[in-house]
Structures are given as C-alpha cells and as structure tokens.
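# A closer look at the structure
The primary structure of each chain is shown beneath.
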Amino acid sequence: MQIRVPLDFKKAAISLAAVAIACTMETPAVAQSDAAASIMDNIIVTARKREESLFETPVAVTVISDEFLEVTGFNTVNDLVRFVPGFDLTPINTSRATGSKIRGISTFSFSDGFESSVATVIDGVVLGREAQGFFDFFDVETIEIIKGPQGTLFGKNASAGVINIRTKDPEFEFGAGGDISYGRYNEFKIRGSVTGPLVGNKLAARLSGTFNRRDGVLDNVLPGEDDLNDKSTYSLRGKILYQPTADLTVKFTGDFVEEDNRCCQPTFRNAGPPNLAVGFALNSGVLQIGDALSAVGIVPGPRNRSVAVLDENILQDSQAGGAALDVEYDFGAATLKSITSYRAWEINEFNEADGVSNSNANNRNGTVSSTKQFSQELRLDGSFLDRVSYVAGLYYFHQDLDAQGQVDVELALPFAIPGLGNLNSRTNADRAVENDSFAVFTETTIDITDKLSLILGGRFTHEEIEAWYNRVGTPINPLLPFSGSNFGPDVTGFQKVEDDNLSGRFIGRYFWTDDLMTYASWSRGYKGPGIDVAESVNVAAITTPGGLPVLAPEVPTLIEAGFRSQLFEGQVSTNVTFFHQNVRDLQTITSDSLGNVLNLSIDKLNTMGIEADLVFAPNFIDGLTITGGFTWNEVDIVEFSDNVALEGSRFRDSPRYFYSLIGNYQKPILNTNFTGFLQGEWAWQSSKNTTLGQDDFAVVDSYGLLNLRVGIDSPDQRYGVIFAVENALDKDYEHFIFGSSYGVLDGNATNAQFIGDPITWSLTLRAQL
C-alpha cells in the first residue's frame, strides 16, 4: 500500500496489500492510467531488506511517503494509525508502556524485562525499546508498516510486525526547505532541513531539525496550574555521506531528541459511591472521589476534559540519541553492508495516580529508566544464475537497562485489606536488565519462471537475558499502621534465561499479467522470553528460589495470501490480503482482584481477517482521486490456562471493523499557474473493550473522525500554504477506559479514560529552495 500526496502534483495513489491511502494534487499532464500503472513499479521499498518495487514485494506492507507527511502535517505514529488498517496504537499514561498493535497483536506491559511485539527500525537500526521511536517525524523518505511476523529478516522483537523508517540521505546538490505552523492550543511547529556538498561529489551532508510546542488539551481547574497533556519537544539529526568511488558508500548519522511534557493524564469517566475504606482513612486530606471532584467543579463523564492536578505531580521527560555507521560496498555480483550503531534513551515519568491532587490517596506512580544499546549487522545481498537472489547476514544486539520505580499510596487504614495490607506504603522497585542476542539469517528468491517465484528464509537466534530486582516497601507515615508494600512482600531476585530459536518463512509469488500479482505465504516468528521486573512482580510465579518470574517466548505462526491489481487501464487499483495467525504464549498483562497489574502469558490467541482497498482515479474527472480501505479482524483468546473463563472471548482493545476514505481534488486556480486542492479524510472504527476481562464499564463505542484540508501551491513548487481542521465534527471519543486507583476499592465503579483530542485547526506555510 502507498500513502502518497505528492507536492509536485504528479502521481496518483496506489496501495500494497492492506489498503491504499493517497491523493493526487496535480493538473494531470499525463493520462491517469499511465500514472497509476507505473507508480507501483516506481515506489521502492525495503520490506525484505533489499530494494524492490512495491508491486513485486510479496508481503503486506504499507508505504507512507514524505509528501503525505508534509501535506497532512502528521508527525507521530499516533497520527498515522487512523489511516493504516491493521495498525493501531493506544496512548496511555506513559510512552514507556505504550505499544503499537498490528492486526490486534501487541505487548502491553509496564515491565522493563519484556520487549515489544512490533519492532521499530530507523535506517536499519532496531530500537531496543519501542518508545524510542515515538518522536516527531521529519525529513523522512518513507515509513513502511510491515505486517505479520518479520523475525526472519528483522529479528526477535518483530513477532507482530515492523515500523521501518528511512530518513533522507544527503545530496550533492544544495537544497533547503521547511515549514512553520500555528494552530489551536497555541501549537507552534518549526521544521527544516538543509543539504549539499562539502567536498565536490565525494562528501555531502544533511542537517534537519524540529521544534514542536503545544499547550495542554485538558483543562486544569486548579488555580495557577497549567493545562495538561501538553507537548514540548525538539530534535536534531545530522547525516554525512561519503562516496569515494562508485562502489563504496559510507553514511554516518547522529541524532538527538528531547521532550518535556506534562503528560499523560486521564480524566474521570465515572465516580463511584462513597467507599467504606476511604471513610476510615487515618491520614489527612483524603476525600471520597465524588467529593474531591465536586469540590473543584469537575463533572465526570464521557465528555469530561477537566482535571485537578498540580504541575509538580505529572511529568514525562525523555532524551534519546545515538550514532550509526552504515558502510556498503558493491562487488558487482553481491553487495556487502555493515550497520554499526550505539543508542541511549532515558525517561523520567510520573503522574498523579489517583487522578486528583486535592485528595491524598495515591499521589505518585513513576519510573526513571535508562537504556543503552549496541548493535552490529553484516549483510550480503546478491544474485547468481540470473534466477537466484539472496540476502544473508549476521546480527548482534546488546542492551543494558536500569530503572527505578516508585509508587506512593498515602491512604492509611486502621485495618488490613487482604492482599493490600494497611496501605500507607511507598514501594521502591529497582531493577536492571541485560540482554544479548546473536543471530544468523538468510532469505533466497528463486525465479522458477518469468512469472513464478519461490522464496525461502530462515533465522537462528540465540538469546541471553539477565535481570536483577529489588522491591522494598516502607511506610509513608511511620506513625500510622504499616504492613508492607501494597504489592506484596519485599523481593530480591536474580534471573538468567537462555533460549535458542529457529524461525522462517516460505512464500510463493505469481505474476499473472503486468497488472496482477498474487502470493501466498507461511511464516513463523519469535519474540524472546521475558522476565517480570515490574513493581507488581508476582511472587507466586517465581519457580526458582531467589529468582524472578519468567514468561515463555512468544511464537506467532501466520498464513497469508494476497493479490494486487490494476483495472480499467489503471483507473482502479484493488488490493486484498487474507490472513490467519495464531500466537503461542502471548506476553501481556492483566489486573487481579486487588487491582495489581500482573504479567502473564495467554497460551494461544488467534487473529484472522481481511484487509482490502480500492483506489479510484478516473480519467474523466481531472484531478480527482478517491481511496478507501477496509479491515475485518477477529482477535480471540483460544487457550488461557490462567483464566479459562476468558477462552473464546475477544482480545482487548481490538476493533473488529475499520474503514477509511480520502477524497482529494486539485485544480489550477483561475488562469494562474497556482494550484489549489481540497482534501477530506474520514476514518471509522467499530466498538472495542479495553480490558482483558471484557468488563462492561470499559466499552469504547464506535466512532468516526473527519479531517479537512485546503491548500495552494506556487507554480514552481517553491512555497505553499495549507489550512487544516482535524476532528472537524468535534467528536468526543476515548482511546482507553480503565479502573482508577479508587476503582481498586470499589470494584471499578470509579473509572477513568484517556480521551481523544477535540477539534483542532492549523495554518502551515512551507518553502523550499
């Protein structure tokens, strides 16, 4: 699939596999059929770690172009998910635990001993923690969303899929460009880049940067306090390209990104009845949640956008950066590539856990975490006998992670609640995780005939993980009753795990005509074992004295078939993918009856469905392109030994249906050489339940969102202006609904929500040299 809105107004939108989302913004100088027929061949992707055209790539991949990002102003993963069927992300209270989903599969965990099911790869470098990739996009060549297990070529943390980001390289001709935007909530964005030669045609450089600032979108009713869920981030990236000969290419990249946000706070959806335990509180300043909200004038409900939180009680501050050396040498029959990378990431995040600062029940839940990683990949890409091509390589990854977590529960009771004690507890959980991974991989494509190809790939992975953990509970007020951490007894442990795995895939591809390709595939992925080092580590799950709980490796198996075609001389593009996948030992979390978050595995989970798209670029209406995408996805728990009552139920946070429509119309303005365009974007999803137990209070109703854009572009493409309105119908909708800290005491009668942004607008001016 291609998501493309060209600024040069020259090409129609085409999709691969799942759905097409793109628009044309050009006075068609060439026939629509010619443009549509050629664009699939002209779009280059690296979903199989080699450059090939979109049309011939036999995997489900969505390609998002730089032009689409520029026109829409989308600059984060969360912006894209509404328009990529089968791809989703649910923002919660910390990016550290937020995980994107592909076809309903993700790892949702607060434990630093677990990896994501979706790998984020930037310029060939796999990020050890997915949250390192939740930065603002700019100066990006393409973003590829590769669906299904991709462990054969991308490694162990790609069991659900890959977000593959390629940034722009330096050029030997001078160029510069950027944009500046202002919008609702005082949003102010500046983005820019400059490139050019340093030494003739041998050495070139590129420098790009972003700054993005926005006031909070939640109304903070406490006097003198800032509105919450704001944004303040900036980033810099530099690239140097050295090409001493036609055969040798050397690229060095350095980047840094920093954010300092008062984010991410939920709002109260419902306040339960007065709670008996709160009425017995021995510490001062504890209110029933209904009284605490009433005191500051907050009315809980689905449309509630008000909070009462002190600035000092919420923060998400992170810094990430790294360097990579990419060396490629072309031997003629084969190309050898080496990618060496070092990266570091640190995040300091905490929030008002009970949701209100005027009641001292549970005032802090936070973690400081730092990660350092080193990776080395050697890859050989070549062909022989005119019908055999291959990719083969070696991979090494090392990561060190240190984290310190703190949870404060000020509520002090004269009696002990079974499993929670007297509360009045400060829980400090220090942990360290060290990971080493070694792999050898290969994939071979054999062209049996000019139409039929067979593809076979495999990967052997050796995994080593070590974890250290220490949890200690202390009283917040030593004068009040204390019976230990509310998470359980103090724990000190060390755990080492080693594992070997062989994963792979087999693909058959057939070109029926120049306009029709079909493929069928079988693949098996792998995500290594996980060690539970969360604050809520489950002591009962420890099987080795002095050890820590270990979750088995996650192993997905996918059967997929698809076709893509051009009809009516390229005026209509249709693309359909059928998939069935089962995942053994899906690593996830659940809450026990006391509200503690527990890490566990679902023995078997099935996902199956259809992803389809239609692109209509009629040659009888110049400048019009209509694209539509549709997804049906069933995600069901098949086996769950820890909770057999949930067998047969739908997996959490997964809409069954999704569809999107984009209409784009462009036309010259009167008799000038300026070009104007109108664009509408509609995305709809069906209802979902955000708890594993499918609780009634956690149903997110179906909703649709409408974005509108209008723009003008100069004759020479040197400058332009775009006005955009997002969520134009001002739809109230939730990302996620959950039981609050007060809900632990009242059976989730009190619950909260992470609510979506209201209607916003922006005006963008752009220019390029």
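Residues numbered from 1 in each chain as written. Predicted model: local features only at pLDDT ≥ 70, side-chain atom pairs only at ≥ 80, totals over all residues. Heavy atoms only, no water.

### So, the overall build of the protein chain
- When helices and strands are counted, the protein chain shows seven helices and 42 strands.
- For the protein chain, the C-alpha radius of gyration of 26 Å lies close to 27 Å, the compact-globule estimate for 769 residues.
- Overall, the C-alpha framework of the protein chain stretches about 80 × 60 × 55 Å when taken along its three principal axes.
- Across the 769 residues of the protein chain, 59% fall into the buried class.
- The contacts in the protein chain between residues at least 6 apart in sequence include a share of 69% that link residues at least 24 apart.
- Surface exposure of the protein chain reaches about 28,400 Å², of which carbon and sulfur atoms provide 58%.
- Here the protein chain holds 58 positive side-chain charges and 98 negative ones, and the gap between their average locations is 4 Å. (Helix = DSSP H or I, 4+ residues; strand = E, 2+ residues; numbered from the N terminus. Rg over C-alpha atoms; globule rule 2.2 N^0.38 Å. Buried < 20%, exposed > 50% of the residue type's maximum accessible area, 1.4 Å probe, protein only. Contact = heavy atoms within 4.5 Å. Areas by Shrake-Rupley, 256 points an atom, 1.4 Å probe, with all protein chains shown as cover. Lys, Arg positive; Asp, Glu negative; His and termini not counted. Charge placed at Lys NZ, Arg CZ, Asp CG, Glu CD.)

### Some points on the state of the cysteines
- All told, the structure shown has one disulfide when counted by the stated rule.
- Disulfide pairing places C263 opposite C264 at an S-S distance of 2.0 Å. Where C263 bonds to C264 through sulfur, the torsion about that S-S bond is close to 85 degrees, and the disulfide is right-handed.
- Here C264 falls in the buried class, since its relative accessible area comes to 15%. (Disulfide = S-S within 2.5 Å.)

### Structural notes on the sheet that holds strand β41 (residues 751–755)
- Taken in spatial order, the three strands make up an open sheet running β18-β41-β40, and their pairing is antiparallel. Each end of this open sheet is capped by a strand with a single partner; those strands are β18 (267–270) and β40 (734–739). Taken over all neighbouring pairs, the strand axes of this sheet differ in orientation by 35 degrees on average, direction set aside. (Pairing = 2+ DSSP bridges. Axes fitted to C-alpha atoms, helices over the stretch in contact; angles between N-to-C directions.)

### Observations regarding the packing of aromatic side chains
- By the definition in use, this model includes 17 aromatic pairs.
- What links up through ring pairs into an aromatic cluster is the set Y182, F723 and W761.
- The ring centre of F154 lies 5.1 Å from the NZ or CZ of K49, which sits over that ring. (Phe/Tyr/Trp six-rings, centres within 6.5 Å; stacked < 30°, edge-to-face > 60°. Lys NZ or Arg CZ within 6 Å of the ring centre and 35° of its normal.)

### Considerations on the nonpolar core
- Ranked by size, the top nonpolar core spans 43 residues in total, and within it F137 and I143 carry the most contacts.
- Leaving out residues up to four positions away in the same chain, I143 has contacts with T62, V63, I64, L69, L80, F137, I163, N164 and I165.
- Counting residues in each nonpolar core, the second largest holds 26 residues, with A119, V121, V391 and I507 among its members. (Core = buried A, V, L, I, M, F, W, Y, C linked by side-chain atoms within 4.5 Å.)

### Looking at the pairing of strand β38 (residues 703–713)
- Here 11 bridges tie strand β35 (residues 675–685) to β38, and the two strands are oriented antiparallel to one another. For L678, the partnering residue across the bridge sits in β38 and is V710.
- Counting the residues between successive antiparallel strands, the hairpin from β38 to strand β39 (residues 719–726) contains five residues, one of them, Q717, with a positive phi of roughly 65 degrees.

### Digging into unusual backbone geometry
- With an omega of 10 degrees, the peptide bond running from C263 to C264 counts as cis.
- If you trace the backbone, C264 turns up in the loop between β17 (248–261) and β18.
- Unusually for a residue other than glycine, L423 sits at a positive phi of about 65 degrees.
- Mapped onto the elements, L423 comes out in strand β24 (residues 421–447).
- Overall, the relative accessible area of 5% leaves L423 in the buried class.

### A short note on the pattern of salt bridges
- Counted under the stated rule, the structure contains 41 salt bridges.
- In this structure, the salt-bridge partner of K168 is D66, at a minimum N-O distance of 2.9 Å. With K168 in the loop between β11 (161–167) and β12 (175–183) and D66 in helix α2 (residues 66–72), this pair connects stretches of sequence that are 102 residues apart.
- A salt bridge links D169 to K251, with the shortest nitrogen-to-oxygen separation between them at 3.3 Å. Of the two residues, D169 is situated in the loop between β11 and β12 and K251 in strand β17; the sequence distance between them amounts to 82 residues.
- Counted as one network, the salt bridges with shared partners bring together R48, E52, E443 and R505. (Salt bridge = Lys/Arg side-chain N within 4 Å of Asp/Glu carboxyl O.)

### Some remarks on the confidence of the model for the protein chain
- Averaged over all residues, the pLDDT of the protein chain is 88; the fraction at 70 or higher stands at 93%.
- Considering only residues more than four positions removed or in separate chains, one finds that residues 1–38, a stretch of pLDDT under 50, has 169 contacts. (pLDDT = per-residue confidence, 0-100.)

### Thoughts on the side chain of T195
- Summarising the element assignment, T195 is placed in strand β13 (residues 187–199).
- On the basis of relative accessibility, which here comes to 6%, the residue T195 falls in the buried class.
- There is a polar contact of 2.9 Å between the side chain of T195 and the backbone nitrogen of E171.
- Every residue in contact with T195, bar those within four places of it in the chain, is listed here: P170, E171, E173, F174, G175, A205 and R206. (Polar contact = N/O pair within 3.5 Å; in protein donor to acceptor, adjacent residues only side chain to side chain.)

### Remarks on the environment of E56
- With respect to the helices and strands, the residue E56 is situated in the loop between β4 (52–53) and β5 (61–65).
- With a relative accessible area of 29%, E56 lands in the partly exposed category.
- A C-alpha to C-alpha distance of 9.6 Å links E56 and R564, two positions 508 residues apart in sequence.
- In contact with E56, other than residues within four places in its own chain, are R509, F511 and M517.

### Description of the environment of R766
- Among the structural elements, R766 can be located in strand β42 (residues 760–768).
- Since its relative accessible area comes to 12%, R766 is described here as buried.
- For the pair R766 and A432, spaced 334 residues apart in sequence, the C-alpha separation works out to 46 Å.

### Some points on the environment of T690
- Structurally, T690 is set in the loop between β36 (688–689) and β37 (699–700).
- Residues T690 and V407 lie 283 residues apart in sequence; the distance between their C-alpha atoms is 24 Å.
- The contact partners of T690, leaving out residues within four places of it in the chain, are R652, D653, A698, V700, H735, F736 and I737.
- Reaching out from T690, the side chain makes a polar contact with the backbone oxygen of I737 at a distance of 2.6 Å.

### Examining the pairing of β13
- Bridge count for β12 against β13 is nine bridges, and the pairing is antiparallel. Bridging from a neighbouring strand, A176 pairs with V194 of β13.
- Linkage of β12 to β13, two consecutive antiparallel strands, is achieved through a turn of three residues, within which Y185 is found at a positive phi near 60 degrees.
- With 11 bridges joining them, β13 and strand β14 (residues 203–214) adopt antiparallel strand pairing. Paired with G192 across the bridge in β14 is G209.
- Between β13 and β14, which pair antiparallel and follow one another directly, the connecting turn spans three residues, one of which, G200, has a positive phi of 50 degrees.

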